[in-house]
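# Structure assessment
If you want the building blocks of each chain, they are given just below.
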Amino acid sequence: QAKLHIVYDCVPTSLHWAHQQKNAAVVLHALREQWLPQRRILSGLQQVFHSGRLQFLTPHILLDGAHNAEGIRALGEFIASIREQYPTLITLFATTKTTEHLTEFAHLLIQGDENFVVSTSTFNKKLATCFPFAVQEFTDMHAVVNYLPTVKEGLVVVYGSLYLLGGI
């Protein structure tokens, strides 16, 4: 018996990029249904923080939990909008997906000047064939954490598995 709402709006929020503004519009409409004052909802949306969603850890390290087609598409659009600010782009991607699931969105993966796959177990060689570009592997989270501060000028995009983001 739920009522269907179709939301086309964008609502300003403290989070980056247009897809977050669309999500905020859905939140606004849902909370208005609960009779909360709109000004309080909008004020809250200006203060929201979501770890691992277009989160800059430093000016050179961007974290995002994009792990499906929609998320990777949105992340790719955001990176395209800021790409000219950085001389190089390095990607670190981790996934818990199987080869079959990864092939559904592998063509959307962000290709940098250097690309890494992070795996905490032995890298599945079948998985390597899913990537539309050459990748290098990190098998140890400490190695990833030690590598990140060495990048001084480019943009390092760490995305995919929320386990990866949590570890970093």
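Rules of the game
- Residues numbered from 1 in each chain as written.
- Predicted model: local features only at pLDDT ≥ 70, side-chain atom pairs only at ≥ 80, totals over all residues.
- Heavy atoms only, no water.
- Pairing = 2+ DSSP bridges.
- Helix = DSSP H or I, 4+ residues; strand = E, 2+ residues; numbered from the N terminus.
- Axes fitted to C-alpha atoms, helices over the stretch in contact; angles between N-to-C directions.
- Contact = heavy atoms within 4.5 Å.
- 1 Å grid on protein atoms, 1.4 Å probe; cavity = no way out; pocket = protein on both sides within 12 Å on 5 of 7 lines; lining within 4 Å.
- Points joined across faces, edges and corners; volume = space filled by probe spheres on them.
- pLDDT = per-residue confidence, 0-100.
- Salt bridge = Lys/Arg side-chain N within 4 Å of Asp/Glu carboxyl O.
- Phe/Tyr/Trp six-rings, centres within 6.5 Å; stacked < 30°, edge-to-face > 60°.
- Patch = residues over 30% accessible without salt bridge, like charges linked within 9 Å, V, L, I, M, F, W, Y side chains within 5 Å.
- Areas by Shrake-Rupley, 256 points an atom, 1.4 Å probe, with all protein chains shown as cover.
- Buried < 20%, exposed > 50% of the residue type's maximum accessible area, 1.4 Å probe, protein only.
- Core = buried A, V, L, I, M, F, W, Y, C linked by side-chain atoms within 4.5 Å.

To continue, consider the sheet that holds strand β6 (residues 155–160). The strand order across the open sheet built from 6 strands is β1-β2-β6-β3-β4-β5, with neighbouring strands paired in mixed fashion. Strands at the two margins of the open sheet, each flanked by one partner only, are β1 (55–58) and β5 (136–138). Here the average twist between neighbouring strands, direction ignored, is 25 degrees. Two strands pair when backbone bridges link them, and strand β3 (residues 89–94) and strand β4 (residues 114–118) are joined in this way by 4 bridges, in the parallel orientation. Considered in β4, the bridge of Leu92 is made with Phe116. Here helix α3 (residues 69–82) sits on the sheet in contact with β1, β2 (61–64), β3 and β6, set at roughly 170 degrees to β6.

So, about empty space enclosed by the protein. Taken as a whole and judged by the stated rule, the model has 1 cavity of 30 Å³ or more. Of the voids in this model, the largest cavity is the one considered here, and its volume is about 30 Å³. Lining of the largest cavity is provided by Thr91, Phe93, Leu109, Ile110, Asn115, Phe116, Val117, Phe131, Phe133, Val135 and Tyr159. For the lining of the largest cavity, the secondary structure elements donating two or more residues are β3 and β4.

On to the confidence of the model for the protein chain. Averaged over every residue, the pLDDT of the protein chain is 85; the share at 70 or more is 94%. For the protein chain, the element scoring lowest by mean pLDDT is helix α5 (residues 125–128), at 70; β2 scores highest, at 94.

The final tally for this structure, using the stated rule, is 1 salt bridge. Here Arg83 and Asp113 are joined by a salt bridge, their closest N and O atoms 3.2 Å apart. With Arg83 in the loop between α3 and β3 and Asp113 in the loop between α4 (99–102) and β4, the pair connects residues that are 30 residues apart, well separated along the chain.

With the rule as written, the count across this model stands at 6 aromatic pairs. Here a set of aromatic residues connected by ring pairs shows up, and it is made of Phe93, Phe131 and Tyr159.

Moving on to a nonpolar patch on the surface. Taken together, the side chains of Leu4, Ile6 and Tyr8 make up a nonpolar region of the molecular surface, amounting to roughly 450 Å² of accessible area. Considering the arrangement of structural elements, one finds Tyr8 in the segment before α1 (18–33).

Quick look at the layout of surface pockets now. Here the second largest pocket defines a volume of roughly 240 Å³. Around the second largest pocket, the lining comprises 15 residues; the ones closest to its centre are His19, Gln20, Asn23, Arg53 and Gly71. Among the secondary structure elements, those contributing two or more residues to the lining of the second largest pocket are α1 and α3.

This part is about the environment of Leu148. Among the structural elements, Leu148 can be located in the loop between α6 (141–147) and β6. Under the relative-accessibility criterion, Leu148 is labelled buried at 4%. With 56 residues separating them in the primary sequence, Leu148 and Leu92 have C-alpha atoms 9.9 Å apart. Leave out the neighbours within four places in its chain, and Leu148 touches Ile61, Leu92, Val156, Val158 and Ile168.

Formed by 25 residues in total, the largest nonpolar core has its most connected members in Leu75, Leu102, Leu109 and Tyr159. Breaking this core down by element, the ones donating at least two residues are α3, β3 and β6. Contact partners of Leu75, with chain neighbours within four places excluded, come to Leu54, Leu62, Asp64, Ala66, Ile110, Val157 and Tyr159. In terms of nonpolar packing, the next biggest core, distinct from the first, is built from 16 residues, Phe116, Phe138, Leu148 and Val156 among them.

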